[in-house]
Amino acid sequence: MIRKFKVKGLRSPSLLIDMILSDTKDGILVVETDGEEQIKDIENLLKKYNLKYEVDGNIVKIYVGEIQADRTINVVGATCPGPIMMVSDILSKMKNGEILEIICGKNALTDLTEGLKGMGNEIIKVEDKGDGTYRILLKKGEKKEEKAAAITKIDEFFIINTTGTGNAEKAYATFMMADVALKMNLKPTIFLMMDGASLALKGECDKVKHPAFPKLGDLVREILKRGVKVYVCELSAQFRGINENNLEEGFEIAGAPTFLNYLSKPNVRPVWL
Amino acid sequence: MNDIITLVSLSVIFGAMLSGFATFRLTGMRLMPHFASLIIAFILTLASLFVDNNIVGYLAIASQIITPLTICNTICNILKTQFQNTGIYSAHLALMGMLIILALGNLVVF
């Protein structure tokens, strides 16, 4: 159960939350606050009760007890696009507002969270179960039709590499473009697919070196350090025998839902290499 | 040694050097043992045409056999991870395949 309420303007919001918590056995409380002062007050109360919470801007999400899911699905072991198809199928049979519990492997985690968010659902919680699987709690929603803005500012770049180390120039361009985008205050995300997935093989980038540029491996590590996400297509990786064990550090396996989710954002411009 | 086969080998090596450099440019500036081996094979084969010395002849044949073998590691990796790009390596691979057969032919008629 999810309860939303506002505490704006209250001097001690913790008093009100304390009362609400006393008759809440399980669920999520979404509290809209004024800002820091109120959040601090609420945090002190939550620490006292030892409750899990998340702060997102002015919103505090409080998790009480174990949230009861309406349905559960286990997609561990399924590879892209299996998980998203299985989950979409079960979601189509559920009502808006119902909660679905998804158990998945690391390979499908990004796909499910990104893809399902793009479909208008709300990710309530993501838990690492510690055995290589993850538990996602999702509230079913519907994609709202957004009015098209007259001008959409492009502030993200989705750089797609399909040639890998087979084309050194394009491999350099992928990471250099990300570097330049960062310097221009644009958010770059890299997606490696088809032969591009070969860049994700451990140590492969270190083999490419042009006299005029730093070693490709060094450039990649620099980009990762600065927070750029590098996704590797799960299917392409499997075609090339790339898995969690021989994947370059910092790269993430993702799949079609992540890819399509980026391409469907109006503020994102794809760059194919 | 059969001069005709040696001359054909030399032309194959020269062609392999050109196609090799084309792929070398594409895949990044990496100097691999394969390149060194190919250049040595070229020099020795050229020398064996002019120098009437068995040692030079055998060295030329040895380098012609070793050179295609040195590409194995690279080509296995490419076939495994970048198979959609293998078309650009095909010219070089074909010449390497021809070279090893010519080298064996050279050895038989030596």
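Residues numbered from 1 in each chain as written. Chains lettered and ligands numbered in written order. Predicted model: local features only at pLDDT ≥ 70, side-chain atom pairs only at ≥ 80, totals over all residues. Heavy atoms only, no water.

(A) Fine view of the UniProt feature "transmembrane region" (unreviewed entry) in chain B. UniProt annotation of "transmembrane region" (unreviewed entry) refers to residues 6-24, 31-51 and 88-109 of chain B when read in the numbering used here. Each end of residues 88-109 of chain B is marked by a C-alpha atom, and these two atoms are 34 Å apart; helix forms 91% of the span and strand 0%. (UniProt positions renumbered as here; feature names shortened; annotations may be inferred. Helix = DSSP H or I, 4+ residues; strand = E, 2+ residues; numbered from the N terminus.)

(B) Structural detail: the sheet that holds strand E9 (residues 156-161) of chain A. Residues and elements named next belong to chain A. Taking strand neighbours across the sheet as the criterion, the five strands line up as E12-E11-E10-E9-E13 in an open arrangement whose pairing is parallel. Edge positions in the sheet fall to strand E12 (252-254) and strand E13 (268-272), since each of these pairs with one other strand and no more. When the angles between neighbouring strand axes are averaged without regard to direction, this sheet yields 30°. Looking at chain direction, E9 and strand E10 (residues 187-192) are connected through six bridges and run parallel. Residue Glu156 lies in a different strand from E10, and its bridge partner there is Lys187. Contacting E9, E10, strand E11 (229-233), E12 and E13, helix H8 (residues 256-263) runs over the sheet at an angle of about 135° to E9. (Pairing = 2+ DSSP bridges. Axes fitted to C-alpha atoms, helices over the stretch in contact; angles between N-to-C directions. Contact = heavy atoms within 4.5 Å.)

(C) Expanded view of the packing of aromatic side chains. All names here are of chain A. Inspection of every chain in the model, using the stated rule, returns 12 aromatic pairs over all chains. Look at Tyr172 and Phe213: their rings are 5.2 Å apart centre to centre, the planes differ by 40°, and that puts the pair in the tilted class. One end of the pair, Tyr172, is in helix H5 (residues 168-183); the other, Phe213, is in the loop between E10 and helix H6 (216-225), and 41 residues separate them in sequence. Of the residues examined, Tyr172 reaches a relative accessible area of 4% and is grouped as buried. Look at Phe213 and you get partly exposed, because its relative accessible area is 33%. Between Phe191 and Phe259, the ring centres sit 5.0 Å apart and the planes meet at 45°, which makes this aromatic pair tilted. A residue pair is termed long-range when its members are at least 10 positions apart, and Phe191 in strand E10 and Phe259 in helix H8 qualify at 68 residues. Grouping residues by exposure puts Phe191 and Phe259 together as buried. Clustering of aromatic rings is evident, with ring pairs tying together Phe158, Phe191, Tyr231, Phe259, Tyr262 and Trp272. (Phe/Tyr/Trp six-rings, centres within 6.5 Å; stacked < 30°, edge-to-face > 60°. Buried < 20%, exposed > 50% of the residue type's maximum accessible area, 1.4 Å probe, protein only.)

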